[in-house]
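As a plain string of letters, each chain reads:
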Amino acid sequence: MKDKIESIKKDIEQYSGSSAEAVEDFRVKFISKKSVINDLFEDFKKLSVEDKKEFGKTLNDLKTLAKEKLVSLSSGSIKNNTKNNTIDFSLPAEDDSVGSLHPLRIVRNNIIKIFRDIGFSIEDGPEIEEDWYNFTALNFPENHPAREMQDTFFISKDPDTVLRTHTSNVQIRLMEKQEPPMRVVIPGRVYRNETVSAKSHCFFHQVEGLYVDKNVSFKDLKDTLYYFAKEMFGSDTKVRFRPSYFPFTEPSAEMDISWKDGWLEILGSGLVDPNVLENCGIDSKEYSGFAFGMGIERIAMLKYGIDDLRLFSENDKRFLKQFRGVH
Ligand code: DAH
């Protein structure tokens, strides 16, 4: 027994080779059920108690030695394969992770949820729009300079068809066909004839809001938008209303939120101008309403510290990957 152990030990120590076949040969010869070491264990069972005491440990040591050698041979084999370019273990694992929501979709969903929780429903409308809905019914008089506020893509002259410059067009479409009360938010894409840069783009996204009922007041507008700002940006957020001008609201206001050391404008709003209600066949003596419109990109930029609008439409995976798991 002693001699056999010694000779196998030597064989193991001297064994060399780093090909996959050599490693497998070693395993069969010294580790497998048919191995010489396994045979020795069979012989061992037949030994006297005395002999068992003598050889037990050496035999176990031999087994351990064989196992350790197999590990070192296999790692040599891996290195060898790497060297020969058969398998490159330094390559990153295949990217099988799931995708992410687009940051604009995340922010849009957040905005919608906040308003849905307080009873607003969701509507949408066309991006290719008639002048009436995009401008005239919203109290933009023809040839009035207010139309210049929004650089427009015209699709045809007669009848005037445009790519909508804002989601406010859907206000008119809804008020024309529905009786108040109505309480809706309208997310969607809008278009402006602007040069693409970090700060402006030829298309972007808005969420419009409209609430029409009896006795809707400026206080209702403020309460709703304060609530929105705190839900969206946190309860410490301070809110400021500044007088502004939009043809379709009177009075009009822009809302700023406290941001870092200053204020940042996030939306336009106001009480729906009685002319607009009347244009849609709603009696402005009986009903009043408020409306607001906010840019989704603007809010996403604030929330995530993004400083270039173009990132939203370039589909750069390195950018998009950062929103994995966010919703
Ligand atoms: N439509 C405006 C824009 O795109 C935003 C806006 C301002 C919408 C005031 C409104 C509002 O509904 O009441 O600049």
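What counts, and where the lines are drawn
- Residues numbered from 1 in each chain as written.
- Predicted model: local features only at pLDDT ≥ 70, side-chain atom pairs only at ≥ 80, totals over all residues.
- Heavy atoms only, no water.
- Axes fitted to C-alpha atoms, helices over the stretch in contact; angles between N-to-C directions.
- Helix = DSSP H or I, 4+ residues; strand = E, 2+ residues; numbered from the N terminus.
- Parallel < 35°, antiparallel > 145°, perpendicular 65-115°, else oblique.
- Left-handed = near helix turned anticlockwise from the far one by under 90°.
- Contact = heavy atoms within 4.5 Å.
- Nonpolar A, V, L, I, M, F, W, Y, C, P; charged D, E, K, R; others polar.
- Domains from an automatic or database assignment.
- Phe/Tyr/Trp six-rings, centres within 6.5 Å; stacked < 30°, edge-to-face > 60°.
- Buried < 20%, exposed > 50% of the residue type's maximum accessible area, 1.4 Å probe, protein only.
- Lys NZ or Arg CZ within 6 Å of the ring centre and 35° of its normal.
- Near = heavy atom within 4 Å.
- Polar contact = N/O pair within 3.5 Å; in protein donor to acceptor, adjacent residues only side chain to side chain.
- Areas by Shrake-Rupley, 256 points an atom, 1.4 Å probe, with all protein chains shown as cover.
- Core = buried A, V, L, I, M, F, W, Y, C linked by side-chain atoms within 4.5 Å.
- Patch = residues over 30% accessible without salt bridge, like charges linked within 9 Å, V, L, I, M, F, W, Y side chains within 5 Å.
- Salt bridge = Lys/Arg side-chain N within 4 Å of Asp/Glu carboxyl O.

### Remarks on the packing of helix 5 (residues 103–116) against helix 8 (residues 218–233)
Okay, step 1: Running from N to C, helix 5 and helix 8 point in directions that differ by 135 degrees, and their axes come no closer than 10 Å. The orientation of helix 5 with respect to helix 8, classified from their angle, is oblique. Handedness of the crossing formed by helix 5 with helix 8: right-handed. Where helix 5 abuts helix 8, its residues Val107, Asn110, Ile111, Ile114 and Phe115 lie against Thr224, Tyr227, Phe228, Glu231 and Met232.
Okay, step 2: Tallied by class, the residues present in the contact of helix 5 with helix 8 amount to seven nonpolar, two polar and one charged.

### Quick look at the domain arrangement of the protein
Okay, step 1: Domain annotation of the protein identifies domain 1 (2–83) and domain 2 (103–323).
Okay, step 2: Computed over C-alpha atoms, the centres of domain 1 and domain 2 are 77 Å apart.

### So, the packing of aromatic side chains
Each aromatic ring pair is specified by the distance between its two centres and by the angle formed by the two planes.
Okay, step 1: Applying the stated criterion to the full structure yields 17 aromatic pairs.
Okay, step 2: Between Phe115 and Phe120, the ring centres sit 5.3 Å apart and the planes meet at 70 degrees, which makes this aromatic pair edge-to-face.
Okay, step 3: Taking the relative accessible area as the measure of exposure, Phe115 reaches 0% and is therefore buried.
Okay, step 4: Residue Phe120 is classed as buried on the basis of its relative accessible area of 5%.
Okay, step 5: Consider the rings of Phe135 and Phe140, whose centres lie 5.1 Å apart with planes at 80 degrees: the pair is edge-to-face.
Okay, step 6: Phe135 sits in the buried class, given a relative accessible area of 2%.
Okay, step 7: You can call Phe140 buried: its relative accessible area is 2%.
Okay, step 8: The structure contains a cluster of three or more aromatic residues connected by ring pairs, namely Phe115, Phe120, Tyr211, Phe228, Phe290 and Phe292.
Okay, step 9: If you follow Lys63 out to its NZ or CZ, it ends over the ring of Phe41, 5.4 Å from the centre.

### Digging into the site of the ligand
Okay, step 1: Within the structure, the ligand sits among 16 residues, and His166, Ser168, Arg192, Gln206 and Glu208 are positioned closest to it.
Okay, step 2: Within the side chain of Gln206, an N or O atom sits 2.9 Å from an oxygen atom of the ligand.
Okay, step 3: Contact distances for the ligand include 3.3 Å between an oxygen atom and a backbone N or O atom of Phe292.
Okay, step 4: Computed on the free molecule, the ligand has an accessible area of 350 Å², of which 91% lies beneath the protein chains in the complex.
Okay, step 5: Taken together, the elements giving at least two residues each to the shell around the ligand come down to strand 6 (203–213), strand 9 (262–272) and strand 10 (288–295).

### Focus on the nonpolar core
Okay, step 1: Counting 39 residues, the largest nonpolar core has Ile111, Phe228, Met255 and Met294 as its most contacted members.
Okay, step 2: Those residues in contact with Phe228 that sit more than four places away from it in its chain are Ile111, Ile114, Phe115, Ile266, Met294 and Ile299.

### Side note on a nonpolar patch on the surface
Okay, step 1: Residues Ile78, Ile87 and Phe89 make up a contiguous nonpolar surface patch of about 270 Å² in total accessible area.
Okay, step 2: Take Ile87: its relative accessible area is 38%, and that puts it in the partly exposed class.

### Re the pattern of salt bridges
Okay, step 1: Summed over the entire model, instances satisfying the criterion amount to 13 salt bridges.
Okay, step 2: Of the charged contacts in the structure, one is a salt bridge between Arg310 and Asp308, with a shortest N-O distance of 2.8 Å.
Okay, step 3: Asp316 serves as the salt-bridge partner of Arg318, at 2.7 Å between the closest nitrogen and oxygen.
Okay, step 4: Residue classification places Asp316 among the partly exposed positions, given a relative accessible area of 23%.
Okay, step 5: Here the salt bridges share partners, and the residues they tie into one network are Arg240, Arg242, Glu254 and Asp256.

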